[in-house]
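Listed below are the residues making up each chain.
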Amino acid sequence: KDQVNPKHSPNKVFKLFSIPSYDINKSYTEELGSAIDSNKFIIEKTDLLVSKLNPKFNRVVYSEDEHDMISSTEFVVFRAEEEWKKNYLYLLATNPIFIGFCMQNATGSSGSHARIDPDVMMSFPHSYNEPMVKMFGESVSPLIERGLQTQRENKEITALRDWLLPMLMNGQVTVNE
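About the thresholds
Residues numbered from 1 in each chain as written. Predicted model: local features only at pLDDT ≥ 70, side-chain atom pairs only at ≥ 80, totals over all residues. Heavy atoms only, no water. Patch = residues over 30% accessible without salt bridge, like charges linked within 9 Å, V, L, I, M, F, W, Y side chains within 5 Å. Areas by Shrake-Rupley, 256 points an atom, 1.4 Å probe, with all protein chains shown as cover. Salt bridge = Lys/Arg side-chain N within 4 Å of Asp/Glu carboxyl O. Helix = DSSP H or I, 4+ residues; strand = E, 2+ residues; numbered from the N terminus. Phe/Tyr/Trp six-rings, centres within 6.5 Å; stacked < 30°, edge-to-face > 60°. Buried < 20%, exposed > 50% of the residue type's maximum accessible area, 1.4 Å probe, protein only. Arc of directions from axis to C-beta. Contact = heavy atoms within 4.5 Å. Core = buried A, V, L, I, M, F, W, Y, C linked by side-chain atoms within 4.5 Å. Pairing = 2+ DSSP bridges.

Draft legend 1. Just a nonpolar patch on the surface, in detail. There is a patch of nonpolar side chains on the surface, built from Leu165, Leu168, Met169 and Val175 and spanning about 410 Å² of accessible area. Within the element layout of this structure, Val175 appears in the segment after α6 (141-169).

Draft legend 2. The packing of aromatic side chains, seen in detail. This structure, assessed with the given rule, holds five aromatic pairs. Between Phe98 and Phe124, the ring centres sit 5.2 Å apart and the planes meet at 90°, which makes this aromatic pair edge-to-face. Of this pair, Phe98 sits in helix α3 (residues 96-105) while Phe124 sits in the loop between α4 (118-122) and α5 (130-139); the two residues are 26 residues apart in sequence, bridging distant segments of the chain. Here the two residues Phe98 and Phe124 agree in accessibility, since each one is buried.

Draft legend 3. Expanded view of α3. Residues Phe98, Ile99, Phe101 and Cys102 constitute the buried set of α3. Considered in projection along α3, the buried side chains sweep an arc of 160° and stay on one side of the axis. Exposed residues on α3 whose side chains face more than 90 degrees from its buried face are Pro96, Ile97 and Gln104. Elements in contact with the buried residues of α3: β5 (47-51), α2 (83-93) and α4.

Draft legend 4. The environment of Lys134, seen in detail. Topologically, Lys134 is positioned in helix α5. Residue class for Lys134 comes out partly exposed when judged on its relative accessible area of 37%. Separated by 51 residues in sequence, Lys134 and Glu83 place their C-alpha atoms 9.2 Å apart.

Draft legend 5. Broad picture of the nonpolar core. Among the nonpolar cores identified, the biggest contains 20 residues, and Leu48, Val50, Phe78, Ala93, Phe98, Cys102 and Met121 are the most heavily contacted of them. Secondary-structure elements contributing two or more residues to this core are β5, β6 (60-62), β8 (75-79), α2, α3 and α6. Broken down by element, this core gets its largest block of residues, four residues, from α2. Counting 11 residues, the second-largest nonpolar core is a separate cluster that includes Tyr28, Val61, Met69 and Phe75.

Draft legend 6. Quick look at the sheet that holds strand β1 (residues 3-4). Here five strands make up an open sheet; going across it, the order is β1-β4-β7-β2-β3 and the pairing mixed. On the outer flanks of this sheet lie β1 and β3 (29-32), each paired with one strand and no other. When strand β2 (residues 13-17) meets β3, the two strands line up antiparallel, connected through four bridges. Residue pairing in the sheet places Lys15 in a bridge with Glu30 of β3.

Draft legend 7. Looking closely at unusual backbone geometry. For Asn58, which is not glycine, the phi torsion reads 45° and is therefore positive. By the secondary structure assignment, Asn58 is in the loop between β5 and β6. In this structure, Asp68 is a non-glycine residue whose phi angle is positive, near 60°. Within the secondary structure, Asp68 sits in the loop between β6 and β7 (69-71). By relative accessible area, which is 34% here, Asp68 ends up partly exposed.

Dropping the structure here:
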């Protein structure tokens, strides 16, 4: 529940995880503190973010080792000091049974405003045997890392596209066949 008010550091560039940025690129956007209106959660590399808004869309962020990361308070932040626990939580949070549980227990006036209470989210019934979870979490680590690497590559390709496309459109750059 560590929070920061980015307006207090108006010239600092924050890596902001928000629902809109997640929906666009499954990642953060870089924003100046002066452009961020409210308090945000401070995110560390050990954190896993799970959206409490519209659980059917299953927005889950596996944070990485970067500085100045913050998130919207529309995320629940789970802090797991060991990577294997974070891996387990990630796979639990992306499991269709967990998603169904969150959808079933969400409250709100309509589907677009449904929210799951963090305490209800954390009450999801599951078995936990630490030696088994540790073995499982360690064994899936290479798979999760490959998925994260793919996300990083997609972000780089998207940035390249966004830089190059305007130049292609106005004729500054051409493509030779």
